[in-house]
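# Descriptive structure summary
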2 protein chains.
Amino acid sequence: MIREAARPGRRPNPARGNAIRAAVVEILASDGYAGLTMDAVAVLAGVSKATIYRRWPTKTELLVSVIDHASDETLTVRDTGSLRDDLVHLIAALADILGGPGGAASRALLFGAASDPAIGRAFRSGPMDRWGAAFGAAFRRAVDRGELTPDAATSYAAESGPGILVQRWTVGRPIDPSMAEDVVDEVVLPLIERYRPG
Amino acid sequence: MIREAARPGRRPNPARGNAIRAAVVEILASDGYAGLTMDAVAVLAGVSKATIYRRWPTKTELLVSVIDHASDETLTVRDTGSLRDDLVHLIAALADILGGPGGAASRALLFGAASDPAIGRAFRSGPMDRWGAAFGAAFRRAVDRGELTPDAATSYAAESGPGILVQRWTVGRPIDPSMAEDVVDEVVLPLIERYRPG
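Residues numbered from 1 in each chain as written. Chains lettered and ligands numbered in written order. Predicted model: local features only at pLDDT ≥ 70, side-chain atom pairs only at ≥ 80, totals over all residues. Heavy atoms only, no water.

## Focus: the overall build of chain A
- A count of helices and strands for chain A gives nine helices and zero strands.
- Counting from the amino terminus, helix and strand elements in chain A follow one another as α-α-α-α-α-α-α-α-α.
- Each of the three principal axes of chain A carries a C-alpha extent, and together these read 65 × 35 × 30 Å.
- A buried classification covers 48% of the 198 residues belonging to chain A.
- Long-range contacts, defined as pairs at least 24 residues apart, comprise 71% of the intrachain contacts of chain A with a sequence gap of at least 6.
- When the accessible area of chain A is evaluated, it comes to approximately 9200 Å², of which 52% is carbon and sulfur surface. (Helix = DSSP H or I, 4+ residues; strand = E, 2+ residues; numbered from the N terminus. Buried < 20%, exposed > 50% of the residue type's maximum accessible area, 1.4 Å probe, protein only. Contact = heavy atoms within 4.5 Å. Areas by Shrake-Rupley, 256 points an atom, 1.4 Å probe, with all protein chains shown as cover.)

## A closer look at the relation of the copies chain A and chain B
- It takes a turn of 180 degrees to lay chain A on chain B, together with a shift of 0.0 Å along the axis; the resulting RMSD is 0.0 Å. The transformation just described matches what one would write down for a two-fold rotation axis. Among all residues of chain A, the one whose C-alpha sits closest to the rotation axis is G112 of chain A, at a distance of 1.9 Å.
- When you check the interface residues of chain A against chain B, 97% turn up at the interface there too, and the contact is symmetric in its surfaces. (Least-squares fit on C-alpha atoms with pLDDT ≥ 70 in both.)

## Describing the interface of chain A and chain B
- At the junction of the two partners, chain A supplies 34 residues and chain B supplies 33 residues.
- Here chain A meets chain B over a buried area of about 2800 Å², counting both sides, of which 64% is carbon and sulfur.
- Among the residues chain A hides against chain B, the three largest losses belong to F111, Y156 and Q167 of chain A. Together they make up 26% of the total.
- For the pair chain A and chain B, the number of links is six salt bridges. (Buried area = accessible area lost by both parts, 1.4 Å probe. Salt bridge = Lys/Arg side-chain N within 4 Å of Asp/Glu carboxyl O.)

## Some thoughts on the packing of helix α1 (residues 14–31) of chain B against helix α2 (residues 38–45) of chain B
All names here are of chain B.
- Packing of α1 against α2 brings their axes to within 9 Å, and their N-to-C directions diverge by 120 degrees. Taken together, the axis directions place α1 and α2 in an arrangement best described as oblique. Between α1 and α2 the crossing geometry is right-handed. Along the contact surface, α1 presents A19, I20, A23, V24, E26 and I27, while α2 presents A40, V41, L44 and A45.
- A per-class count over the contact of α1 with α2 returns nine nonpolar, no polar and one charged. (Axes fitted to C-alpha atoms, helices over the stretch in contact; angles between N-to-C directions. Parallel < 35°, antiparallel > 145°, perpendicular 65-115°, else oblique. Left-handed = near helix turned anticlockwise from the far one by under 90°. Nonpolar A, V, L, I, M, F, W, Y, C, P; charged D, E, K, R; others polar.)

## Quick word on the environment of R196 of chain A
All names here are of chain A.
- Structurally, R196 is set in the segment after α9 (180–192).
- For R196, a relative accessible area of 33% puts it in the partly exposed group.
- Once the C-alpha coordinates of R196 and A152 are considered, the two residues, 44 residues apart in sequence, prove to be 8.8 Å apart.
- Residue contacts for R196: discarding those within four places in its chain leaves E147 and L148.
- At 3.3 Å, the side chain of R196 and the backbone oxygen of E147 are in polar contact. (Polar contact = N/O pair within 3.5 Å; in protein donor to acceptor, adjacent residues only side chain to side chain.)

## Some points on the environment of G46 of chain B
- Tracing the backbone shows G46 of chain B in the loop between α2 and α3 (49–55).
- Note: C-alpha distance between G46 of chain B and V24 of chain B (22 residues apart in sequence) is 12 Å.

## What to know about helix α6 (residues 101–112) of chain B
- Here α6 of chain B contains 12 residues, and its C-alpha end-to-end distance of 15 Å stays within 8% of the 16 Å for a straight helix at 1.5 Å per residue.
- Of the positions making up α6 of chain B, those classed as buried are G103, A105, A108, L109, L110, F111 and G112 of chain B. (Expected span 1.5 Å × (residues − 1).)

## Some details on the pattern of salt bridges
- Counted by the stated rule, this structure contains 22 salt bridges over all chains.
- Of the charged contacts in the structure, one is a salt bridge between R194 of chain B and E186 of chain A, with a shortest N-O distance of 3.5 Å. With one member in each of two chains, R194 of chain B in the segment after α9 (180–192) and E186 of chain A in helix α9 form a pair that bridges those chains.
- With a relative accessible area of 52%, R194 of chain B lands in the exposed category.
- For E186 of chain A, a relative accessible area of 22% gives the class partly exposed.
- Of the charged contacts in the structure, one is a salt bridge between R84 of chain B and E181 of chain B, with a shortest N-O distance of 3.8 Å.

Okay, structure coming up:
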């Protein structure tokens, strides 16, 4: 994870870093990757470009930092003891992100910067890994409770719920956290029946 | 659908138009949207930039033409009389596209040009509509044969199969036409059981 380097005598101001990252997300969501200039970021964040470049000498490093911080507050792990409830929580959280400015910013960044391998890597090793790990952990807890055989965690059934949301995000169809219960009850739970032990 | 305007005394050469579009796809797939310059297209297609601009005065019009022609050869409608076989055919065809250079080019274009609303519109009213229509038609034929209730066609079950593929395409996981039978048999068919009449 890239952390801003501390300069002697000048400690990075976390609020300023957050403001800069928030400005990047807002510009990506509204104007796309083509609209993301350091001038626009500086104006929206209320800082000078020099301030930005001191922390992140290249645009790529700034974008990787944005991606890296992206899921920090949004992905809260909740172990409810019930696979259904764990999945509803995760699917609703994912729908909340994908359907909002973070989802629009991610789409603009992930694909707008497709020619920059550092961006794809940051997404895959950052938010995508974290979401995948959260879903995988929910399935593994169910395996540990004896509710599912181990192959459930890597099955198409496990991909089916997020798949509905990610497809809608990709093609621009509506996504809302209120979909979560139906997606879990109508799609995921029926498909994992084949992974019940015994 | 945008068609190249015929100039008096000079009929558009379809082979040249195809070569220009093929060059766009190849550059998008290998270099992304940022690598797509009219210079690069002209060189790869073996034409002058003036030739390109005569047919498509703006980059957007060229890209819309590429998108519009994209699914022409790849999406063949096949009515096998069996929903399972219709779906296996469609899922395999979609996997073939998404897993190949057309899929890489689409990803680069759909998201690289996310700030150009004409591109998103062209995708939604073009290939996405055509694929959606093909899948919808397969379900409607099953409804007409009395195998499913009508609500199956707009169900999460109907989204589930393509959803697995589109998610993998988005996150960069492997896609192969050999997945088609398992996706249909393990995901789609079990989920449409609830739409069997009677």
